[in-house]
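Read off the chains here:
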Amino acid sequence: MIRMTAAALATALLAGTAFAQTGIPQELFDNTRRVAGDSLTACFDMTSQARQFDDAIARAIGDALFLEVKSLEGFGGFPLNGEGFIDELSLAMNNDCDIFMGISVSVNSPISEAFAITRPYASVPFVLAVKDTDYQSLADIPKDVRLGTAMASLGELNLINWNLQQAEDQRWRRLPYADPNLMATRVLDDTIGGMILWQPVLAKMQREREDTKALRIIGSTPLPESVVHIGALVTSRNTFLRDQVDQAIDALVADGTIAAIMDEFGYTGHAGE
């Protein structure tokens, strides 16, 4: 996911890092320009929970542009502070990748001179999942019942910020989890009353674990909505490709292709921004 890509990329982009400014020995960079011809090389975070979805979107973009899409697994498994990510990203985007899928983006994202971000191809929320049938929204969960949160995620930050604005006795207690499967198990065994996580993570889990089908999504009122806008990254020197991908995304949103892919994977939210 976006799990690592979003956090690490935010740090990298804000830092204004360009390829030449990384600590990587320059001899590792391939300074010849790749001629893609009729193909597009798409790279992915190999640890992403939305890896297959992003691949499907990349192939739809390729079809719209009459390009064959070649997929590279990319990299992943970086620490939460993103250490090492920008170096790997810089090498990949310079040497191998035309486009890097599954990036968390926003309209006003400050970016370094090395990268350019496409417009979002999907917007997917964080959700609150519970087992208890008495709960219809977060407001129904007693304050002494603990909530699980996906560690270092937008959903967790949203809860933290809301709690800080409340009196101490009006705050929900939070237990951060690095492993969403363990967090789901703790909801099912009543250790925690619910969990806040990115909806594609829950959708993937419910495809793979029969017991998690007992979990259901409820409203997260009074928390404000947390939504991840998903886009892609290209190098800033390839403005033509970025423009073409943006046009393809617009067309795929307009004709319902991306919405259909989201339905196929069980994603909520909506196509585009």
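Scoring rules and cut-offs
- Residues numbered from 1 in each chain as written.
- Predicted model: local features only at pLDDT ≥ 70, side-chain atom pairs only at ≥ 80, totals over all residues.
- Heavy atoms only, no water.
- 1 Å grid on protein atoms, 1.4 Å probe; cavity = no way out; pocket = protein on both sides within 12 Å on 5 of 7 lines; lining within 4 Å.
- Points joined across faces, edges and corners; volume = space filled by probe spheres on them.
- Helix = DSSP H or I, 4+ residues; strand = E, 2+ residues; numbered from the N terminus.
- Nonpolar A, V, L, I, M, F, W, Y, C, P; charged D, E, K, R; others polar.
- Core = buried A, V, L, I, M, F, W, Y, C linked by side-chain atoms within 4.5 Å.
- Buried < 20%, exposed > 50% of the residue type's maximum accessible area, 1.4 Å probe, protein only.
- Pairing = 2+ DSSP bridges.
- pLDDT = per-residue confidence, 0-100.
- Contact = heavy atoms within 4.5 Å.
- Polar contact = N/O pair within 3.5 Å; in protein donor to acceptor, adjacent residues only side chain to side chain.
- Axes fitted to C-alpha atoms, helices over the stretch in contact; angles between N-to-C directions.
- Parallel < 35°, antiparallel > 145°, perpendicular 65-115°, else oblique.
- Phe/Tyr/Trp six-rings, centres within 6.5 Å; stacked < 30°, edge-to-face > 60°.
- Salt bridge = Lys/Arg side-chain N within 4 Å of Asp/Glu carboxyl O.

## Points about empty space enclosed by the protein
- Per the counting criterion, the structure on display carries one cavity of 30 Å³ or more.
- Looking at the largest cavity, its volume works out to about 70 Å³.
- Lining the largest cavity we find Phe126, Val127, Leu128, Gly155, Asn158, Ile196, Ser220, Leu223, Pro224, Glu225 and Ser226.
- For the lining of the largest cavity, the secondary-structure elements that each account for two or more residues are strand E5 (122-130) and helix H4 (154-164).
- In terms of residue count, the dominant contributor to the lining of the largest cavity is E5 (three residues).
- Classifying every residue of the lining of the largest cavity gives six nonpolar, four polar and one charged.

## Comments concerning the nonpolar core
- Within the largest apolar cluster, 63 residues are counted, with the highest numbers of intra-cluster contacts made by Phe53, Ile61, Met101, Tyr121, Ile141, Met195 and Leu197.
- The element contributing the most residues to this core is E5, with seven residues.
- Membership of the second largest hydrophobic core comes to 13 residues, among which are Met93, Phe100, Ile103 and Ile117.

## Considering the pairing of strand E7 (residues 174-177)
- As defined by bridge partners, strand E6 (residues 147-150) adjoins E7 across four bridges and the pair is classed as parallel. Looking at E7, one finds that Thr149 is bridged to Pro176.

## Notes on the environment of Phe66
- Mapped onto the secondary structure, Phe66 falls in the loop between helix H2 (51-64) and strand E2 (68-75).
- Considered as a pair, Phe66 and Asp38 are 28 residues apart in the sequence and their alpha carbons are 7.5 Å apart.

## A short note on the confidence of the model for the protein
- Within the protein, residue pLDDT values average 84, and 79% of them lie at 70 or more.
- Low pLDDT, under 50, characterises residues 1-22; the predicted model gives this stretch 67 contacts beyond four residues in sequence or across chains.

## Side note on the side chain of Asn95
- Checked against the element boundaries, Asn95 lands in helix H3 (residues 85-95).
- On the basis of relative accessible area, Asn95 is assigned to the buried category, the value being 16%.
- Among the polar contacts made by the side chain of Asn95, one reaches the side chain of Asn94 at a distance of 2.7 Å.

## Quick notes on the packing of H2 against helix H7 (residues 239-254)
- Interhelical geometry of H2 versus H7 gives an angle of 105 degrees and a closest axis separation of 9 Å. Looking at the two axes, H2 sits roughly perpendicular to H7. Residues Ala60, Ile61 and Ala64 of H2 touch H7, and the partners they reach there are Val245, Ala248, Ile249 and Leu252.
- Among the residues making up the contact of H2 with H7, the classes are represented as seven nonpolar, no polar and no charged.

## Considerations on the packing of aromatic side chains
- A full pass over the atoms with the stated rule returns five aromatic pairs.
- Between Phe53 and Phe265, the ring centres sit 5.8 Å apart and the planes meet at 80 degrees, which makes this aromatic pair edge-to-face. Of this pair, Phe53 sits in helix H2 while Phe265 is found in helix H8 (residues 257-265), placing the two residues 212 residues apart along the sequence. A single burial state applies to Phe53 and to Phe265, both of which are buried.
- Their ring planes at 50 degrees and their centres at 5.9 Å tell us that Phe265 and Tyr267 sit as a pair that is tilted. Each of the two residues, Phe265 as well as Tyr267, counts as buried.
- Feature note: the residues Phe53, Tyr121, Phe265 and Tyr267 constitute an aromatic cluster, connected by ring pairs.

## Here we look at the pairing of strand E3 (residues 99-105)
- Burial runs high along E3: six of the seven residues are buried.
- Of the strand pairs in this sheet, strand E1 (residues 39-45) and E3 are connected by two bridges, and their pairing is parallel. Bridge pairing in E3 links Cys43 to Phe100.
- Across five bridges, the pairing between E3 and strand E10 (residues 227-235) is antiparallel. Residue pairing across strands places Ile103 opposite Gly231, the latter belonging to E10.

## Concerning the pattern of salt bridges
- Here the structure, examined in full by the defined rule, presents twelve salt bridges.
- Of the charged contacts in the structure, one is a salt bridge between Glu210 and Lys213, with a shortest N-O distance of 3.3 Å.
- For Glu210, a relative accessible area of 59% puts it in the exposed group.
- Between Asp246 and Arg242 there is a salt bridge; the shortest N-O distance is 3.8 Å. One end of the pair is Asp246 and the other is Arg242, both in helix H7 and four residues apart, which spans about a single turn.
- One continuous salt-bridge network, built from bridges that share partners, spans Arg119, Arg242, Asp243, Asp246 and Asp250.

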